[in-house]
Amino acid sequence: MALKNGWELVVGLEVHCELATNTKIFCSCANQFGDEPNTNICPVCLGLPGSLPVLNHMAVEFAMRIGSALHCRVEPSIFHRKNYFYPDMPKDYQVSQNDEPINVDGYLELPDGFRVGIERAHMEEDTGKTQHMGSSGRIHGANYSLVDYNRAGVPLVEIVSRPDIRTAEQAKAYVAELRSILVATGASNGKMEEGSLRVDANVSVRQPGHEYGTRCEIKNLNSLRSLTRAIEYEANRQIDLREAGERIVQETRHWNEEDGRTSSMRSKEEAMDYRYFPEPDLVPIAPSAEWVAAVRDALPLMPADRRRLLSEATGGELAPGSDPIVTIVDQGLDALVLGAVAHGGDGRRAVNRVANEVVTAEQGARLNIAGFAALLVMEAQAKLTSTQAKAVLVEMMETQASDPAAIATARGFQAMDSGVAETLVDELIAAHPAEFERLRAGDTKVAGFFVGAAMKASGGKADGKLVTGLLRQRAGL
Amino acid sequence: MSERLTRADVVHVARLARLTLGDAEVQSFTLELADILAHAHDVASLDTAGVVPTAHPLPLVNVLRADVIRPGVDRTEVLAMAPWAEDDRFRVPKILGETT
Ligand SMILES: [Zn+2]
């Protein structure tokens, strides 16, 4: 969506990803969503005096996987304390990485080939969950809060993009692609609805070619839908202010899904001053070159690579960013397509059948790959019409049968011989002269009527394309 | 960092740390902190080109723990030590400002 009056949108995204470790980042408490409140707590994550943090090996491993998958450099890094007074962290500081993060300077490639720069992907600990109690249920007017520290100390990687995003749709595509990458690395379960992935958006507007405008950070974006709506709302809010000659105040704003608005979140008493300093209780992380290489080499294929492979399987007829290919990779059905191609099926036909008829991973799991390939070959050799092939495919998935030829025979499917088709078309024209006159006059919608009639008369054996071709020929179109 | 530390700086830092200081304390901390900063300034004036930065006083890196769950502490016991608890959670005074 383009903004009004030639304004250009500038967006950078910060995505917090909870890592799929067994335990928390600095203690051996379970990292488990949905447990009873305060059942996964210990002296370390409660910040009791005298307790000492020890870094989780797997959290570092996942962070390195994420960095490698995003084409970052993995660097020696240290932790800092980010000091603030808020009861979601009992220590009154959050351990995070400030100026020496583990991953720096990478990029993420969207399905259409556009690259969004990644400034950094650093490690930190999650905070506890506060619930505000009181009259309004909202944070202002709450009389007190209740805190559950199960989430305090859950390992996070925060992925900070460069301000390269120019549309709300691009922001959505970025988060969707990042989510797929994070799931592919095994570092995340990707569940936005459980807060495993949380997105903050830095939004500003400018006239093209001008300096970046003042930005606002939008929080509480819990779904891709919230993300796009909030960015569009915020951009228009800023444009209206600028066009009225007012200044944008740099601030954090809260997205309210019900109102469809952002609102200022912070009382202005004091700018945030986190007084970062090195965490003395943790020593530096300095992964060896061997460790970095081992992590990189063990990564599975990323979605972008898988889309490229599928595109190649169609001989380049379908682009890596085309809808059917994106759908297939999202559903993890690319092995089915590539397997069918390895068994002699046509790539383009395999992609279309999988994207349109198989659609879901559950359906795909019910399909025998060699049988699917055999079906594609039958269709390519015109032994089955497109309609018949679809029916056989549906039955193969319903019954988990592996022999399409047997199903075709049992159903009496044979592609209609073109001589028979011609006779059928001529009979239909004779039976429906008024409709045929309308077709001749150029009302091509009537063709659908004839195709339907031909299917009915032939018990589904007629080839719709062949019938249409014959009709057009007869009608002189 | 050659500017002189002021009383206002000390009051600001104290507020960030949620410390309430009396006038006499502000006075003495202004002098003490100024001395500490002067010492830091002396150190900063040394030529450290070619010296590798010290990330940590201990000569260790990659101190890591296996990702294995161990039992933590009992909720009832911990909540009993809290000044205020409700509904199996810690109850805290109302908060203005940032949500997370
Ligand atoms: Zn713990």
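Residues numbered from 1 in each chain as written. Chains lettered and ligands numbered in written order. Predicted model: local features only at pLDDT ≥ 70, side-chain atom pairs only at ≥ 80, totals over all residues. Heavy atoms only, no water.

In terms of helices and strands, chain B carries three helices and three strands. Mapped in sequence order, the helices and strands of chain B form the string α-α-β-α-β-β. Taken over C-alpha atoms, the radius of gyration comes to 22 Å for chain B, far larger than the 13 Å a tight globule of 100 residues would show. Along the first, second and third principal axes, the C-alpha set of chain B runs to 55 × 45 × 25 Å. With 100 residues in all, chain B has 22% of them scored as buried. (Helix = DSSP H or I, 4+ residues; strand = E, 2+ residues; numbered from the N terminus. Rg over C-alpha atoms; globule rule 2.2 N^0.38 Å. Buried < 20%, exposed > 50% of the residue type's maximum accessible area, 1.4 Å probe, protein only.)

Right, let's talk about the coordination of the zinc ion for a bit. By definition of the ideal shapes, a tetrahedral metal site with four donors has angles of 109.5 degrees and an octahedral site with six donors has angles of 90 or 180 degrees. A:Cys27 (SG), A:Cys29 (SG), A:Cys42 (SG) and A:Cys45 (SG) make up the full set of protein donors to the zinc ion, lying at 2.3 to 2.4 Å. Each of the four donor atoms around the zinc ion contributes to a set of angles spanning 99 to 116 degrees, which defines the coordination as tetrahedral. (Donors = N, O, S within 2.8 Å, 3.2 Å for Na, K, Ca; no water. Tetrahedral: all angles 85-135°; square planar, octahedral: opposite > 155°, others 65-115°.)

It is worth spelling out the packing of aromatic side chains at this point. Applying the stated criterion across every chain, the model contains seven aromatic pairs over all chains. Ring centres of A:Phe26 and A:Phe79 lie 5.5 Å apart, and the angle between their planes is 85 degrees; this geometry places the pair in the edge-to-face category. Pair noted here: A:Phe26 is in the loop between β1 (8-18) and β2 (55-56) and A:Phe79 is in the loop between β3 (73-74) and β4 (80-83), with a separation of 53 residues, a long-range link. There is no split in this pair, since A:Phe26 and A:Phe79 are both buried. For the ring pair A:Tyr144 and B:Trp84, a centre distance of 6.4 Å and an interplane angle of 40 degrees mean the geometry is tilted. With A:Tyr144 in strand β9 (residues 142-148) and B:Trp84 in the loop between α3 (75-81) and β2 (85-86), this residue pair bridges two chains. (Phe/Tyr/Trp six-rings, centres within 6.5 Å; stacked < 30°, edge-to-face > 60°.)

Let's shift gears to the interface of chain B and chain A. Contact with chain B, which involves 36 residues of that partner, is made by 60 residues of chain A. When the two sides are added together, the surface that chain B and chain A hide from each other amounts to roughly 4,400 Å², 57% of it contributed by carbon and sulfur. A salt bridge links B:Arg75 to A:Glu36; its shortest N-O distance comes to 3.8 Å. Across the contact surface, chain B and chain A share 22 residue pairs in polar contact (both at pLDDT 80 or more). (Contact = heavy atoms within 4.5 Å. Buried area = accessible area lost by both parts, 1.4 Å probe. Salt bridge = Lys/Arg side-chain N within 4 Å of Asp/Glu carboxyl O. Polar contact = N/O pair within 3.5 Å; in protein donor to acceptor, adjacent residues only side chain to side chain.)

Here the focus is the pattern of salt bridges. Residue and element names in this part refer to chain A. Within the structure shown, the criterion is met by 38 salt bridges over all chains. Among the salt bridges present, the one from Arg-151 reaches Asp-126, with a minimum N-O distance of 3.5 Å. On the criterion of sequence distance, the pair formed by Arg-151 in the loop between β9 and β10 (155-161) and Asp-126 in the loop between β7 (115-125) and β8 (129-134) is long-range, its members being 25 residues apart. Note on Arg-151: relative accessible area 16%, which makes it buried. For the salt bridge of Arg-308 with Asp-305, the shortest nitrogen-to-oxygen distance reads 3.6 Å.

Right, let's talk about the environment of A:Glu357 for a bit. All names here are of chain A. Following the sequence through the fold, Glu-357 ends up in helix α8 (residues 347-358). It is 19 Å that separates the C-alpha atoms of Glu-357 and Lys-465, two residues lying 108 residues apart in sequence. Residue contacts for Glu-357: discarding those within four places in its chain leaves Asn-352, Gln-363, Lys-390, Leu-393 and Met-397.

Below, the discussion takes up the side chain of A:Glu158. Residue and element names in this part refer to chain A. Residue placement: Glu-158 occurs in strand β10. One buried charged residue, Glu-158, forms no salt bridge at all, with the nearest opposite charge on Lys-82 at 6.4 Å. One polar contact links Glu-158 to His-16, side chain to side chain, over a distance of 3.1 Å. Excluding its chain neighbours within four sequence positions, the residues that come into contact with Glu-158 are Glu-14, Val-15, His-16, Arg-120, Ala-121, His-122 and Glu-124. (Lys, Arg positive; Asp, Glu negative; His and termini not counted.)

Moving on: a nonpolar patch on the surface. A cluster of nonpolar side chains, A:Val54, B:Leu58, B:Leu60 and B:Val63, forms an exposed patch at the surface whose accessible area comes to about 300 Å². Structurally, the position occupied by A:Val54 is in the loop between β1 and β2. Taking the relative accessible area as the measure of exposure, A:Val54 reaches 31% and is therefore partly exposed. (Patch = residues over 30% accessible without salt bridge, like charges linked within 9 Å, V, L, I, M, F, W, Y side chains within 5 Å. Areas by Shrake-Rupley, 256 points an atom, 1.4 Å probe, with all protein chains shown as cover.)

Now for helix α4 (residues 289-298) of chain A. Listing the buried residues of α4(A) in full gives A:Trp291, A:Val292 and A:Val295. Buried residues in α4(A), looked at end-on, bunch into an arc of 100 degrees, giving them a common side. Looking at α4(A), the residues exposed on the side facing more than 90 degrees away from the buried face are A:Ala289, A:Glu290 and A:Asp297. Residues of α4(A) that are buried make contact with α1 (57-69) and β3 of chain A together with β1 (64-65) of chain B. (Arc of directions from axis to C-beta.)

For the rest of this paragraph, the subject is empty space enclosed by the protein. Residue and element names in this part refer to chain A. All chains considered together, the criterion is met by one cavity of 30 Å³ or more. Each pocket or cavity is described by its volume, and for the largest cavity that value is around 30 Å³. Surrounding the largest cavity, Ile-25, Phe-26, Cys-27, Val-44, Cys-45, Lys-91, Glu-125, Ala-152 and Gly-153 form its lining. Considering only residue class, the lining of the largest cavity consists of six nonpolar, one polar and two charged. (1 Å grid on protein atoms, 1.4 Å probe; cavity = no way out; pocket = protein on both sides within 12 Å on 5 of 7 lines; lining within 4 Å. Points joined across faces, edges and corners; volume = space filled by probe spheres on them. Nonpolar A, V, L, I, M, F, W, Y, C, P; charged D, E, K, R; others polar.)

On to the domain arrangement of chain A. All names here are of chain A. Splitting chain A by domain gives domain 1 (4-297), domain 2 (303-410) and domain 3 (418-475). Centre-to-centre, using C-alpha coordinates, domain 1 lies 39 Å away from domain 2. Summing both partners gives a buried area of about 460 Å² for domain 1 against domain 2, and 52% of it is carried by carbon and sulfur. Among the residues domain 1 hides against domain 2, the three largest losses belong to Glu-109, Pro-111 and Glu-177. Together they make up 69% of the total. Counting across the domain 1 and domain 2 interface gives two salt bridges. Note that Arg-308 is salt-bridged to Glu-109, the shortest N-O span being 3.5 Å. Applying the counting criterion to the domain 1 and domain 2 interface returns two residue pairs in polar contact (both at pLDDT 80 or more). (Domains from an automatic or database assignment.)

Residue and element names in this part refer to chain A. The alternating pattern of β4 places His-80 and Lys-82 and Arg-81 and Asn-83 on opposite faces, both of which are buried. Looking at chain direction, β4 and strand β5 (residues 93-96) are connected through four bridges and run antiparallel. Residue pairing for β5: His-80 is matched across the bridge by Ser-96. In terms of strand pairing, β4 meets strand β15 (residues 277-278) through two bridges, oriented antiparallel. Considered in β15, the bridge of Arg-81 is made with Phe-277. (Pairing = 2+ DSSP bridges.)

A pair of packed helices is captured by two measures, namely the crossing angle of their axes and the spacing between those axes. Residue and element names in this part refer to chain A. At a minimum axis separation of 9 Å, helix α6 (residues 323-330) and α8 run at an interaxial angle of 65 degrees. With respect to α8, the axis of α6 lies roughly perpendicular. As for the relative orientation of α6 and α8, their crossing is left-handed in sense. Across from Pro-324, Ile-325 and Ile-328 in α6, the residues of α8 making contact are Val-351, Asn-352, Val-354 and Ala-355. The residue makeup of the contact of α6 with α8, split by class, is six nonpolar, one polar and no charged. (Axes fitted to C-alpha atoms, helices over the stretch in contact; angles between N-to-C directions. Parallel < 35°, antiparallel > 145°, perpendicular 65-115°, else oblique. Left-handed = near helix turned anticlockwise from the far one by under 90°.)

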